[in-house]
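Understanding the architecture of this molecule
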Amino acid sequence: KNINAIKNLSFLYPYVKKADTALLLLNRAIKIDPEDNDLYARRATINFSKNYTKRALDDYLKILASGDTNQLYLKRSGIGYYNNFEPVKAIKYLKLASIRDTTDYETLFFLARSYEKLKDNKMTILYYRKIISVLEPLSIQLGNAYLMLADSYKKDGLFNTAIQTYERSQDFNKDPVLNLYIANVYDEKLNDAPEALVYYKRFIERIRSNELMT
C-alpha cells in the first residue's frame, strides 16, 4: 500500500521489460488512491508506449477533466481519438495542444491526417504546410552540420568518409557548390579524375538549371 514505492517501481519495471508488472502495480495504487493524477499519468504513459492508445486515452481524459491541460496530455488524447477512428474529437484536442506548442510537428501531423480522414483538403494542406515550415529550418541546420562534419573528415584525411558526408549534406542542402567540394576531394586528394569529372559536370548542370529557373 506504499504509493511512493509503487510509483518508483512503475518507473523502473519498464526498463527491465516488465511493463505489465508496472501496470498491475499502478492499477492497485489507483484503487488505493483514485484521486492521484500522477498514477493515471504513469499508467497512460506506459500504455501509450505499448501502443495501447485507447487505454491511455481514458487516463489522459480523466487528468484533463481535473483541470490539468498539459500539452502532452492534450496531444496524446488527440492521437488516441485519431487511432480510435474519431477524427472530429481528435482535432478538438490536437488544436488545443497546437495552441500550447506551435512547433510540435507531431501534433501538426495528426491534425493533417485527421482532416484528411474528413476529406477536408484545404485544412489538410494547411497543416502539411505548417509541418514544412516547422521542419524546414531544422533541415537546413542539419545540412550545415553534415557539411561542417565533412570538412572535418577532409582535414583529418578521411577522404572517402568526407565524400559520403558531403553527399549526405545534399539531402538537406541543394547548393550546387557541394558538387565542387566533392569533385575537389576526388581530384586533389584521391587523384580520381573520372569521378571528379562526374561532379564537375553535375555542378555545371545544376548551375545552368538554376539559371533557367530564374
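Attention here is on the structure that accompanies the text. Note that the structure is predicted; figures quoted are calculated from it, not measured. As a convention, each chain's residues are numbered from 1 in the sequence order in which they are written. Side-chain atom pairs in this predicted model are given and counted only at pLDDT of 80 or more, local residue features only at pLDDT of at least 70, and totals for whole chains, interfaces and linings cover all residues. Note that water and hydrogens are dropped before the side-chain values are worked out from all heavy atoms of the structure.

A short note on the overall build of the chain
Under the convention used in this document: Every helix listed is a DSSP run of H or I at least four residues long, and every strand listed is a run of E at least two residues long, numbered separately from the N terminus. For a compact globule the rule gives 2.2 Å times the number of residues to the power 0.38, and the radius of gyration it is set against comes from C-alpha atoms. Burial classes: relative accessible area under 20% of the type maximum marks a residue as buried, over 50% as exposed, and values in between as partly exposed (1.4 Å probe, protein chains only). Between two residues, a contact is recorded if the distance between any of their heavy atoms is within 4.5 Å. All accessible areas in this document rest on Shrake-Rupley with a 1.4 Å probe, and a residue is counted as covered only by the protein chains that are shown. Within this scheme the basic residues Lys and Arg register as positive and the acidic residues Asp and Glu register as negative, but His and the chain ends are omitted. Here the site of a charge means atom NZ of a Lys, CZ of an Arg, CG of an Asp or CD of a Glu.
When you go through the chain residue by residue, the secondary structure sums to 11 helices and 0 strands. When the helices and strands of the chain are read in sequence order from the N terminus, they spell out α-α-α-α-α-α-α-α-α-α-α. Relative to its length of 214 residues, the chain is extended, with a C-alpha radius of gyration of 25 Å against a globular reference of 17 Å. Out of the 214 residues in the chain, the part that is buried amounts to 37%. Within the chain, counting contacts between residues at least 6 apart in sequence, those at least 24 apart form 40% of the total. In the form shown here, the chain has an accessible surface area of approximately 13200 Å², with 53% of it arising from carbon and sulfur atoms. Across the chain, the centroid of the 33 positively charged side chains sits 8 Å from that of the 26 negatively charged ones.

Observations concerning the packing of aromatic side chains
Our working definition: In this scheme Phe, Tyr and Trp rings, the latter by its six-membered ring, pair at centre separations within 6.5 Å, and the angle between planes marks the pair as stacked below 30 degrees, edge-to-face above 60, and tilted otherwise. Any Lys NZ or Arg CZ that is within 6 Å of a ring centre and within 35 degrees of that ring's normal is treated as a charge sitting over the ring.
Taken as a whole, this structure holds 9 aromatic pairs when the rule is applied. Seen in terms of ring centroids, Tyr-186 and Tyr-199 are 5.8 Å apart; in terms of plane orientation they differ by 20 degrees. Their pairing is stacked. Pair noted here: Tyr-186 is in helix 10 (residues 177-189) and Tyr-199 is in helix 11 (residues 193-213), with a separation of 13 residues, a long-range link. Pair check on accessibility: Tyr-186 and Tyr-199 agree, each one buried. By way of ring pairs, the aromatic residues Tyr-82, Phe-109 and Phe-110 are connected into one cluster. In this structure, Arg-55 packs its charged tip against the face of Tyr-52, placed 4.3 Å from the ring centre. Here the basic side chain of Arg-76 rests over the ring of Phe-48, its NZ or CZ set 4.4 Å away from the ring centre.

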